[in-house]
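In case you want the letters, here they are:
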Amino acid sequence: DAEITQSPRHKITETGRQVTLACHQTWNHNNMFWYRQDLGHGLRLIHYSYGVQDTNKGEVSDGYSVSRSNTEDLPLTLESAASSQTSVYFCASSPGLAGGSTQYFGPGTRLTVL
Amino acid sequence: AQSVTQLGSHVSVSEGALVLLRCNYSSSVPPYLFWYVQYPNQGLQLLLKYTSAATLVKGINGFEAEFKKSETSFHLTKPSAHMSDAAEYFCAVSVTNTGNQFYFGTGTSLTVIP
């Protein structure tokens, strides 16, 4: 079955370190998204991509970057981790650009920055 | 701009009682509306979505929601709560002229009392 996976599921790192979170989907969806989930804020969009070589900033993109070199993967990089980036990160994908296109979510990565 | 308000960050119901989770949206163009459920330590799973067809939408696990344009609402209901319904519920809005970007509410945590 097609799926979307994230790795690692849990990560502890130190302030200032570079961290990369992986996201891989086997649906062959063009669109991929990264969100962070924080208590009281719901899910907030970090970055998104509508296809290979396409990346766009979301609502809370400062301190994060993404690159899209193939359809299946959209890794999220924290250039210099900060304690404010302690959060649960979700990757999602969707097949179309229409507003009604469902987004399918991965299981999440819990990141702790000490 | 699009936004979603979920009234009540915590809702408690007795097993067998009616579940009502509230969602109001703001959108200057016709919206697409979604309800997702998140079980502990898992990703988000689609419950149902409204895409401008029938205003009463039926989803999985006995949930349904009604789109009311005049009230800008999309409340989620279930006639009889089960213990297994205990989870976090998120409402989201999307519109076609912003690609497939979703705007999420802050979530409602549902507790089911035996």
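The structure reproduced in this document is the subject of the present report. Note that the coordinates shown come from a computational prediction; the quantities given were computed from them, not determined experimentally.

### Some details on the overall build of chain B
Looking only at helices and strands, chain B features 0 helices and 13 strands. Its helices and strands taken in sequence order, chain B reads β-β-β-β-β-β-β-β-β-β-β-β-β from the N to the C terminus. On C-alpha atoms alone, chain B measures out to a radius of gyration of 14 Å, which is about the 13 Å that the 2.2 N^0.38 rule sets for 114 residues. With the C-alpha coordinates aligned to their principal axes, the bounding extent of chain B is approximately 45 × 30 × 20 Å. In chain B, which comprises 114 residues, the share counted as buried stands at 47%. Looking at chain B alone, contacts between residues at least 24 apart form 56% of all its contacts between residues at least 6 apart. Counting every atom, chain B has about 5,300 Å² of accessible surface; 53% of that belongs to carbon and sulfur.

### A short note on the state of the cysteines
Within this structure, the stated rule accounts for 2 disulfides over all chains. What pairs with Cys 23 of chain A in a disulfide is Cys 91 of chain A, and their sulfur atoms sit 1.8 Å apart. Since a negative S-S torsion denotes a left-handed disulfide, the Cys 23 of chain A-Cys 91 of chain A link at about -70° is left-handed. Remark: Cys 91 of chain A occurs in strand E9 (residues 87–94) and Cys 23 of chain A occurs in strand E3 (residues 19–25); sequence separation between them is 68 residues. For the pair shown, Cys 23 of chain A and Cys 91 of chain A are each scored as buried. The disulfide partner of Cys 23 of chain B is Cys 91 of chain B, and the S-S distance across this bridge is 2.0 Å. Judged by the sign of its S-S torsion, about -65°, the cystine formed by Cys 23 of chain B and Cys 91 of chain B is left-handed.

The rules behind the values
- Numbering of residues begins from 1 in every chain and follows the order in which that chain's sequence is written.
- All chains are assigned letters beginning at A, and all ligands numbers beginning at 1, according to the order in which they are written.
- Restriction of local features to residues with pLDDT of at least 70 applies here, the model being predicted, together with a cutoff of 80 or more for giving and counting side-chain atom pairs; totals for whole chains, interfaces and linings are based on all residues.
- Computation of side-chain values covers all heavy atoms of the structure but excludes hydrogens and water.
- Helix and strand assignments follow DSSP, with helices taken as H or I runs no shorter than four residues and strands as E runs no shorter than two, numbered in order from the N terminus.
- We take the radius of gyration over the C-alpha atoms and set the globule estimate at 2.2 Å times the residue count to the 0.38 power.
- For every residue, the accessible area (1.4 Å probe, protein chains only) is compared with the maximum for its type, and the residue is labelled buried under 20%, exposed over 50%, or partly exposed between those bounds.
- Whether two residues are in contact is decided by their heavy atoms: any pair within 4.5 Å suffices.
- Accessibility throughout is a Shrake-Rupley quantity obtained with a 1.4 Å probe, and a residue counts as covered only by protein chains that appear here.
- We call a pair of cysteine sulfur atoms a disulfide when they lie within 2.5 Å.

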